[in-house]
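So you can see what is in the structure, the chains are spelled out below.
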Amino acid sequence: MSLAEDLKPEEGSFASFGRRLFLVTADDTPEALMRVLGVASVQQARLRALSAAPEGPHLAIRLEIDDQGDARAEALASRLSACPSVRGVGFGWRA
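Overview of the structure. (Residues numbered from 1 in each chain as written. Predicted model: local features only at pLDDT ≥ 70, side-chain atom pairs only at ≥ 80, totals over all residues. Heavy atoms only, no water.)

### Digging into the pattern of salt bridges
Phase 1: Tallied over the full model, the rule gives six salt bridges.
Phase 2: Salt-bridge contacts for Arg-19 lead to Asp-66; the nearest nitrogen and oxygen are separated by 3.9 Å. Taken together, the residues Arg-19 in strand β1 (residues 19–27) and Asp-66 in strand β3 (residues 58–66) connect sequence positions 47 residues apart.
Phase 3: Note on Asp-66: relative accessible area 8%, which makes it buried.
Phase 4: Here Asp-70 and Arg-20 are joined by a salt bridge, their closest N and O atoms 2.4 Å apart. Here the residue Asp-70 occupies a position in helix α3 (residues 70–82), and Arg-20 occupies one in strand β1, the gap between them amounting to 50 residues.
Phase 5: By relative accessible area, Asp-70 is classed as partly exposed at 47%.
Phase 6: The exposure class of Arg-20 is buried, given its relative accessible area of 4%.
Phase 7: Ionic contacts of the salt-bridge type, sharing partners, join the residues Arg-19, Arg-48, Glu-64 and Asp-66 into one network. (Salt bridge = Lys/Arg side-chain N within 4 Å of Asp/Glu carboxyl O. Helix = DSSP H or I, 4+ residues; strand = E, 2+ residues; numbered from the N terminus. Buried < 20%, exposed > 50% of the residue type's maximum accessible area, 1.4 Å probe, protein only.)

Here is the structure:
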């Protein structure tokens, strides 16, 4: 077995997938970030990076998570959209 073979991720592991990037716009309130993180936690999203910064009257939240497939990404986006304080959600691939 070559060294490259040893480094390959196991089949079915999250490491074999890419990452998804979710961009969330929420009201700039004290609880907005915690609400968004609560939704991600309930959906069992594996968070890899997080940033949040005010942009005018809103809070721009960037979540980078392990990809678990299209259906899971769409479900998370739908749940985030339904979250109080959230004004918009977009998601795509993270290279």
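Read on, since the account is not over.
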